[in-house]
Amino acid sequence: MVDVTQLLAQWRGGDAAAFEALFPQVYDELHRIAQRLLVGERRGHTLSATALVHEAYVKLIGQDRAALRDRAHFLAVAAVAMRRILISYARTRTAGKRGGSKIAVTLDEAQLGSDDGLANLIAMDELLDRLAELDARAAQVVVYRYYGGLTDEEIAEALSVSAPTVRRAWRAARAWLTSELARGGDPG
């Protein structure tokens with residue numbers, strides 16, 4: 001097995017075959033992230049974990065080569081790509097169903113199994129966008145931890161910060177999200 005960081009460096013250097021060799025090296029981890037993201041989705045969801053991984057792969061191929069530094073950063077970027085795919089799917093599916101009313105949002109993944117769950121996913125995405133305006137690092141920590149399932153150490157590596165910095169950002173993000181959710185989760 002070739003080191004993921006080495007393959008990414010080769011790809012950044014223009015070796016297209018390096019990215020092809022990278023995919024099998026990280027496939028199991030990408031599949032784990034996809035399964036985590038799909039937990040609680042409604043029955044008959046048109047995206048399987050495998051399909052989500054492959055859609056993310058297509059998005060990652062188009063990434064700026066310099067953006068992917070190492071294994072942890074690659075997995076974090078992949079988690080974000082998968083999240084965006086699911087958000088896009090949810091927005092398409094719930095178009096016209098949301099109306100103008102407030103949406104109660106929770107951090108409970110099990111509630112993502114219904115149309116209300118899709119609306120929650122969209123509303124959570126909007127809350128994360130608002131958080132990113134206030135504290136981009138905290139929003140990244142939430143995405144990497146909640147959607148990607150990365151550990152504090154993996155997030156620290158991906159963000160080039162220390163694990164205690166990640167934990168502080170997580171506490172701040174969690175407090176802000178809890179406060180916003182207590183207000184009714186109104187993303188507007």
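Please refer to the structure placed before this passage.
Remember, it's a predicted structure, so these values are computed and weren't measured experimentally.

Right, let's talk about the packing of aromatic side chains for a bit. Per the counting criterion, the structure on display carries 5 aromatic pairs. Ring centres of Phe 23 and Tyr 57 lie 4.2 Å apart, and the angle between their planes is 50 degrees; this geometry places the pair in the tilted category. Here Phe 23, found in helix 2 (residues 16–38), pairs with Tyr 57, found in helix 3 (residues 49–61); they are 34 residues apart in sequence, far enough to count as distant. For the pair formed by Phe 23 and Tyr 57, the shared burial category is buried.

Turning our eyes to something else, we now look at the nonpolar core. The biggest cluster of nonpolar side chains holds 60 residues, and the ones touching the most others in it are Leu 30, Leu 52, Phe 74, Met 82 and Tyr 144. Counting residues per element, the ones that place at least two in this core are helix 1 (4–12), helix 2, helix 3, helix 4 (71–94), helix 5 (115–134), helix 6 (136–147), helix 7 (152–159) and helix 8 (163–182). Broken down by element, the residue count for this core peaks at 12 residues, all from helix 4. Residues within four places of Met 82 in sequence aside, it is in contact with Leu 30, Ile 33, Ala 34, Leu 37, Leu 52, Val 53 and Ala 56.

The rules we used
Residues numbered from 1 in each chain as written. Predicted model: local features only at pLDDT ≥ 70, side-chain atom pairs only at ≥ 80, totals over all residues. Heavy atoms only, no water. Phe/Tyr/Trp six-rings, centres within 6.5 Å; stacked < 30°, edge-to-face > 60°. Helix = DSSP H or I, 4+ residues; strand = E, 2+ residues; numbered from the N terminus. Buried < 20%, exposed > 50% of the residue type's maximum accessible area, 1.4 Å probe, protein only. Core = buried A, V, L, I, M, F, W, Y, C linked by side-chain atoms within 4.5 Å. Contact = heavy atoms within 4.5 Å.

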